[in-house]
Amino acid sequence: MTGRSTDLIHHPYEPPAGFAAPQVAVHKASTVIFPSVAALRARDWRQKTGYTYGLHGTPTTFQLEERLAALEGGKHCLLVPSGLASITHVCLALLGTGDEVLVPDNVYGPTKAFAEGDLARFGITHQRYDPMDPRDLAERLSPRTRLMWIEPPGSVTMEFPPAQQLARLCRDRGVLVALDNTWGAGLAFNGFEAGADVVVQALTKYPSGGGDVLMGSIVTRDDALHERLKLAHMRLGWGVGGNDAEAVLRSLPSLQLRYKAQDHAARILAHWLHGRPEVAQVLHPALEGSPGHEHWKALCGDRGQAAGLFSIVLHERFAPGQVDRFCEALRLFKLGYSWGGPVSLVVPYDIASMRRPGSWPHRGVLVRFSVGLEDPADLHADLDQALRQLQ
Ligand SMILES: *Cc1c(COP(=O)(O)O)cnc(C)c1O
């Protein structure tokens, strides 16, 4: 067995005859030309044995799909134009009127908006469950429940759920389990071993790594489930550009290296912030005392990996306006959403307004950091100078 980095570099790929380079070419086409009417009629877009039309795949997108399926430990992969589209696609393909979907209370915000705004219009209901309490999930399961989402950890508040336990509850009742693996990137843990039927990822984050591509992946192991997702994918007309697919392919060989570096830097900063008097709590799953730390250890291993993403809750004596100015005082950490790119990012959040009333235990303002690829010593100095201004 070889390591993830090795697999992502030494991947079975057959270059065009006479051009033996390991890099994958950018293929762009709407139309594929057939040699005869018989060949046109015979070619089946559902099988990856040939090409029929640009929307159904090119050598570039097939290659990316194959590598992502391998990365996640799955069998099939579909590409969509964003991470959010991977979530909405799974819902649209697998749910119908009268069904219910369960999402964690700390779920990626736009997923909640999609459930409230669009699924509701189609007569598909949703409930938000407490991701840290399997009993709460169990009580919400009903004969109408078709799909349950897990997000380890919540991407702003960083609670790491008991994913295997949550998944088991659903699988025992025939409820499909979908897992958003953007944080784990296919590296920190295997989504299928965590109990998922479908694993999605915002390739926008770590797999792209450049902050310049928006894309999502939907990976499955089960042939019949893949077929359902694939047919809906065709009917809905999803496709991704060849240049974007190539940009992700180009970044995959350095995925593990970048993830490790960002993990390492984030832990240095999180540990240091843990000791600062301005900080009430550091939320990082690999940190002792952070919500779900034990679950992180169970899924990722005692010395497991973590993304370069963490949050802090500032002491409640700092008003929201002061925290805004702290964020603006940072020079290397830029104000902006997303993560996984080279530039470190910071966003302040008003969590209480995003949760069920009374369920968020902290009084201070939460600030989320995404650690980029800058020198950790420089990021440390940047946080230090901005914290001094907070005094
Ligand atoms: C960013 C993100 C998404 C959405 O990805 P986009 O490509 O920005 O649409 C989904 N889930 C999680 C956990 C994310 O962080």
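The rules behind the values
Residues numbered from 1 in each chain as written. Predicted model: local features only at pLDDT ≥ 70, side-chain atom pairs only at ≥ 80, totals over all residues. Heavy atoms only, no water. UniProt positions renumbered as here; feature names shortened; annotations may be inferred. Salt bridge = Lys/Arg side-chain N within 4 Å of Asp/Glu carboxyl O. Helix = DSSP H or I, 4+ residues; strand = E, 2+ residues; numbered from the N terminus. Buried < 20%, exposed > 50% of the residue type's maximum accessible area, 1.4 Å probe, protein only. Domains from an automatic or database assignment. Contact = heavy atoms within 4.5 Å. Buried area = accessible area lost by both parts, 1.4 Å probe. Polar contact = N/O pair within 3.5 Å; in protein donor to acceptor, adjacent residues only side chain to side chain. Nonpolar A, V, L, I, M, F, W, Y, C, P; charged D, E, K, R; others polar. Axes fitted to C-alpha atoms, helices over the stretch in contact; angles between N-to-C directions. Left-handed = near helix turned anticlockwise from the far one by under 90°. Arc of directions from axis to C-beta. Parallel < 35°, antiparallel > 145°, perpendicular 65-115°, else oblique. Near = heavy atom within 4 Å. Areas by Shrake-Rupley, 256 points an atom, 1.4 Å probe, with all protein chains shown as cover.

With an unreviewed UniProt entry as reference, the protein is termed Cystathionine beta-lyase, source organism Ramlibacter algicola. The UniProt entry for the protein carries this comment under Cofactor (unreviewed entry): "pyridoxal 5'-phosphate".

Visitor: Go over the pattern of salt bridges, please, and point to the residues and values.
Guide: Applying the stated criterion across every chain, the model contains 16 salt bridges. Measuring nitrogen to oxygen at the nearest pair gives 2.9 Å for the salt bridge that ties Arg 128 to Asp 105. Residue Arg 128 is found in strand E3 (residues 125-129), and its partner Asp 105 is found in the loop between strand E2 (100-104) and helix H5 (109-119); the two are separated by 23 residues along the sequence. Side by side, Arg 128 and Asp 105 carry an identical accessibility label, which is buried. When the shortest N-O distance is used, the salt bridge between Arg 267 and Asp 263 registers 2.7 Å. Taken together, the residues Arg 267 and Asp 263, both in helix H10 (residues 255-274) and four residues apart, mark about one turn of the helix. Here the residues in one salt-bridge network are Arg 276, Glu 278, Asp 384 and Arg 388, joined through shared partners.

Visitor: Go over the domain arrangement of the protein with me, naming the residues and quoting the values.
Guide: With domains assigned, the protein is organised as domain 1 (37-253) and domain 2 (254-390). For domain 1 versus domain 2, the distance between C-alpha centres works out to 26 Å. The interface is formed by 40 residues belonging to domain 1 together with 35 residues belonging to domain 2. Of the roughly 3100 Å² buried between domain 1 and domain 2 on both sides combined, carbon and sulfur atoms contribute 61%. Three residues, Val 156, Trp 183 and Tyr 206, lead the burial of domain 1 against domain 2; their summed loss comes to 24% of the area buried on that side. Along the contact surface separating domain 1 from domain 2 lie one salt bridge. Between Arg 355 and Glu 159 there is a salt bridge, with its nearest N and O atoms 3.4 Å apart. Where domain 1 packs against domain 2, one counts 16 residue pairs in polar contact (both at pLDDT 80 or more). Broken down by secondary-structure element, the contributors of at least two residues to the side of domain 1 that touches domain 2 are E3, helix H6 (134-140) and helix H7 (163-171). Along the lines of polarity and charge, the residues of the side of domain 1 that touches domain 2 split into 20 nonpolar, 12 polar and eight charged.

Visitor: Which residues make up the UniProt feature "modified residue: N6-(pyridoxal phosphate)lysine" (unreviewed entry) in the protein, and what values do they have?
Guide: Per the UniProt annotation, the sites labelled "modified residue: N6-(pyridoxal phosphate)lysine" (unreviewed entry) are Lys 205. Turning to its location among the elements, Lys 205 is positioned in the loop between strand E6 (198-202) and strand E7 (216-220). In contact with Lys 205, not counting residues within four places along its chain, are Thr 182, Ser 338, Trp 339 and Gly 340.

Visitor: Before we move on, can you summarise the packing of helix H12 (residues 320-329) against helix H13 (residues 376-390) with the specific residues and values?
Guide: Taken N-terminus to C-terminus, the directions of H12 and H13 make an angle of 150 degrees; their axes are 9 Å apart at the nearest point. Both H12 and H13 take part in a crossing whose hand is right-handed. When H12 is examined against H13, the residues Gln 322, Phe 326 and Ala 329 are found in contact with a partner set consisting of Asp 382, Leu 383, Gln 385, Ala 386, Leu 387, Gln 389 and Leu 390. Looking at the contact of H12 with H13, its residues break down into six nonpolar, three polar and one charged.

Visitor: Provide a residue-level description of H7, including the pertinent values.
Guide: Residues of H7 that are buried include every one of Ala 163, Leu 166, Ala 167 and Cys 170, and no others. Each buried residue of H7 lies within a common arc of 95 degrees when the element is viewed along its axis, so the set occupies one face. For H7, the secondary structure elements touched by its buried residues are E3, H6, strand E4 (145-150), strand E5 (176-180) and helix H11 (293-300).

Visitor: Describe the packing of helix H4 (residues 83-94) against helix H8 (residues 223-236), and please don't skip the residues or the numbers.
Guide: Helix packing geometry: the angle between the two helix axes and the distance between the axes. Remark: H4 packs on H8, axes separated minimally by 9 Å, with the N-to-C direction vectors making an angle of 105 degrees. As far as their axial angle goes, H8 and H4 are roughly perpendicular. Contact residues: His 89, Val 90, Leu 92, Ala 93 and Leu 94 in H4; Leu 225, Arg 228, Leu 229, Ala 232, His 233 and Leu 236 in H8. Split by residue class, the contact of H4 with H8 holds eight nonpolar, two polar and one charged.

Visitor: So what's going on with the side chain of Glu 151? Residues and values would help.
Guide: Its place among the elements puts Glu 151 in the loop between E4 and H7. Within polar-contact distance, the side chain of Glu 151 engages the backbone nitrogen of Tyr 108 at 2.8 Å.

Visitor: Lay out the site of the ligand with the relevant residues and their values.
Guide: Looking at the ligand, there are 13 residues lining it, with Gly 83, Leu 84, Asp 180, Thr 204 and Lys 205 nearest. One nitrogen or oxygen atom from the side chain of Thr 204 is found 2.5 Å from an oxygen atom belonging to the ligand. Measuring from an oxygen atom of the ligand, one finds a side-chain N or O atom of Lys 205 at 2.6 Å. In isolation the ligand offers 380 Å² of accessible surface; the protein chains occlude 91% of this area. At three residues, the largest contribution of residues to the shell around the ligand is made by H4. Class assignment of the residues belonging to the shell around the ligand gives a composition of six nonpolar, four polar and three charged.

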